[in-house]
Amino acid sequence: MITSDLSFVKDQLEKGEVVGIPTETVYGLAANIYDEQAIAKIFSTKGRPNTNPLIVHVKSMDQARTLVSYFPLKATLLAERFWPGPLTLILLKSDLISDAITAQQSTVAIRMPNHSATLHLLESLDFPLAAPSANPYNRISPTCAAHVEDYFPQISILEGGNCEAGVESTILSFDGDEVVLLRHGAISIEQIEEVVGRILDRTSSESLHLAPGRSKKHYSPLCELIISYEPLFMLSAVQQKKVAILWFKEVKIDSPKVAINHILSPSGNFKEAAANMYDALHQLEKSGVELIIVERLPNYNLGRTINDRFERAAAK
Ligand code: TXA
Ligand code: MG
């Protein structure tokens, strides 16, 4: 059920239920961080292995400080610059954080979301909210309440409109004085480097367990998906009956072999493309196409984040 009734949603959370919440990135599947059974329900609802830790959503910097044992200077600078907003910081946890949330690790992922309804909800609660994205494990992330309802008709979902950023938060960890990128997201590397100087990109490091948002296969539609700078070349090689091409800003070639041409941003704007990306995948999947060919974006700023998501959606 989709609802705008904040006090109802608050009540559900206080009773130990899992609910859908809007954020500026994607919708989350939220529960009380101090309620073990509610946390277990997040994992079972999502079908997520319990070795994959959750992000804790806070209402303030002060609340964040209670959940960590140490806030490095660079993390403080980044939180001051980007919170509330789509930046997740991996920090050493305090005793308030249970092993179920962190999957036994000594660190916890924290962010302050930038969505007014969810900030009001967090203000009204005595506890922070653990929330992964509200999609079944490895499927397309949800960017509106209806996407969440399609996946999880049994839960209550707080209505919050379409997600403004439309792509998950950027995840950073701290290694001594180094800032380490673990997941590309709605804040670009360029924006982070303006605050803390050069950072290390470990988003494709296979050796680290850590963030399965980085695991190869993720964010996937049920049909086949490939990504290429030249969708036309790919088209000549495929036999499928029903093909869609997902273009960045314009239809470069309108072939009779293509059932659907879908454009992410007619003005060629990365932010707009990111905001439309998951919804485009949801729509194309529903249309029954057998193959989606995605045009690769220029690889800088948010273009890098968008390419990252399509590469993972394409992974076998
Ligand atoms: O934008 C977002 O971050 C959304 C909204 C709902 O806030 N949430 C989200 O959560 O994307 P999720 O669970 O789908 O992705 C979080 C990623 C996972 O890949 C998880 O493994 C990683 O964060 N993560 C969580 N805690 C971690 C930790 N202590 N160390 C390393 N990675 C961690
Ligand atoms: Mg996710």
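Just so it is clear, the model here is predicted, and its values are computed rather than measured. (Residues numbered from 1 in each chain as written. Chains lettered and ligands numbered in written order. Predicted model: local features only at pLDDT ≥ 70, side-chain atom pairs only at ≥ 80, totals over all residues. Heavy atoms only, no water.)

## Description of the UniProt feature "binding site: ATP" (unreviewed entry) in the protein
Inference 1: Per the UniProt entry, the sites bearing "binding site: ATP" (unreviewed entry) are R48, N52, T107, S133, S141, R183 and Y219 in this numbering. Separation in sequence by 172 residues is matched in space for these annotated residues, since their most distant C-alpha atoms are 24.5 Å apart.
Inference 2: Along the chain, S133 falls in the loop between β7 (129-130) and α7 (145-151).
Inference 3: Among all residues touching S133, those that are not within four sequence positions of it are V26, Y27, G28, L29, K46 and S141.
Inference 4: Examined against the element boundaries, S141 turns out to sit in the loop between β7 and α7.
Inference 5: Taking the relative accessible area as the measure of exposure, S141 reaches 0% and is therefore buried.
Inference 6: Those residues in contact with S141 that sit more than four places away from it in its chain are V26, S133, N135, E168, Y219, Y278 and H282. (UniProt positions renumbered as here; feature names shortened; annotations may be inferred. Helix = DSSP H or I, 4+ residues; strand = E, 2+ residues; numbered from the N terminus. Contact = heavy atoms within 4.5 Å. Buried < 20%, exposed > 50% of the residue type's maximum accessible area, 1.4 Å probe, protein only.)

## Quick notes on the sheet that holds strand β6 (residues 107-111)
Strand pairing in a sheet relies on backbone hydrogen bonds, with the paired strands running either antiparallel or parallel.
Inference 1: Ordered in space as β1-β8-β2-β3-β7-β4-β6-β5-β9-β10-β11, the 11 strands form an open sheet in which the pairing is mixed. Two strands in the sheet have a free side with no partner beyond their single neighbour: β1 (2-3) and β11 (200-201).
Inference 2: The pairing of strand β2 (residues 19-21) with strand β3 (residues 28-32) spans 3 bridges and is classified as antiparallel. Its bridge partner being in β3, G20 is matched across the sheet by L29. (Pairing = 2+ DSSP bridges.)

## Observations concerning the side chain of H115
Inference 1: Note that H115 resides in the loop between β6 and α6 (116-124).
Inference 2: A polar contact is formed between the side chain of H115 and the backbone nitrogen of A117, at a distance of 3.2 Å.
Inference 3: Leave out the neighbours within four places in its chain, and H115 touches P22, T23, E24 and G160. (Polar contact = N/O pair within 3.5 Å; in protein donor to acceptor, adjacent residues only side chain to side chain.)

## With respect to the packing of aromatic side chains
Inference 1: If you walk through the whole model with that rule in mind, you get 5 aromatic pairs.
Inference 2: When the ring of Y151 is compared with that of F152, the centres are 6.1 Å apart and the planes differ by 55°; the resulting orientation is tilted.
Inference 3: On the numbers, 5.2 Å between centres and 65° between planes, the contact of F270 with Y300 is edge-to-face. With F270 in helix α10 (residues 270-286) and Y300 in the loop between β15 (291-295) and α11 (301-314), this pair connects stretches of sequence that are 30 residues apart.
Inference 4: Connected via pairs of aromatic rings, a cluster forms that spans F248, F270 and Y300.
Inference 5: Above the plane of the ring of F71 lies R65, whose end atom (NZ or CZ) is 5.0 Å from the centre.
Inference 6: The ring of Y229 carries R296 above its face, with NZ or CZ at 5.5 Å from the centroid. (Phe/Tyr/Trp six-rings, centres within 6.5 Å; stacked < 30°, edge-to-face > 60°. Lys NZ or Arg CZ within 6 Å of the ring centre and 35° of its normal.)

## As for the nonpolar core
Inference 1: Among the nonpolar cores identified, the biggest contains 79 residues, and F71, W83, L89 and L172 are the most heavily contacted of them.
Inference 2: If you tally residues by element for this core, the top one is α10, at 8 residues.
Inference 3: Once residues lying within four places of it in the same chain are set aside, the contact partners of W83 are M61, A64, F71, L78, L89, I110, R111 and M112. (Core = buried A, V, L, I, M, F, W, Y, C linked by side-chain atoms within 4.5 Å.)

## Some points on the layout of surface pockets
Inference 1: As a volume, the largest pocket reaches approximately 440 Å³.
Inference 2: The element best represented in the lining of the largest pocket is α10, accounting for 3 residues.
Inference 3: Taken together, the residues of the lining of the largest pocket break down into 10 nonpolar, 5 polar and 3 charged. (1 Å grid on protein atoms, 1.4 Å probe; cavity = no way out; pocket = protein on both sides within 12 Å on 5 of 7 lines; lining within 4 Å. Points joined across faces, edges and corners; volume = space filled by probe spheres on them. Nonpolar A, V, L, I, M, F, W, Y, C, P; charged D, E, K, R; others polar.)

## Some points on helix α2 (residues 36-46)
Inference 1: The set of residues buried in α2 consists of A38, I39, I42, F43 and K46. Buried residues of α2, seen end-on, are gathered within an arc of 150° and therefore sit on one face of the element. Projecting away from the buried face of α2 at angles above 90 degrees are the exposed residues E36, Q37 and S44.
Inference 2: Those residues of α2 that are buried are in contact with β3, α5 (99-102) and β7.
Inference 3: Taking the backbone nitrogen of Q37 as reference, a side-chain oxygen 3.1 Å away marks D35 as the first, capping residue of α2.
Inference 4: One or two steps after α2, the chain reaches G47, where phi turns positive at roughly 70°. (Arc of directions from axis to C-beta.)

## Quick look at the environment of N261
Inference 1: Residue placement: N261 occurs in strand β14 (residues 258-263).
Inference 2: There is a polar contact of 2.7 Å between the side chain of N261 and the side chain of W247.
Inference 3: Here D254 takes part through its side chain, which lies 3.1 Å from a polar atom of the side chain of N261.

## Some points on the pattern of salt bridges
It is possible for side chains bearing opposite charge to pair when their charged atoms get close.
Inference 1: Here the structure, examined in full by the defined rule, presents 15 salt bridges.
Inference 2: The residue K41 makes a salt bridge to E17 at a minimum N-O spacing of 3.6 Å. You can see K41 sitting in helix α2 and its partner E17 sitting in the loop between α1 (6-14) and β2, a full 24 residues away along the chain.
Inference 3: Beyond isolated ion pairs, a larger network of salt bridges with shared partners links E168, D308, R309 and R312. (Salt bridge = Lys/Arg side-chain N within 4 Å of Asp/Glu carboxyl O.)

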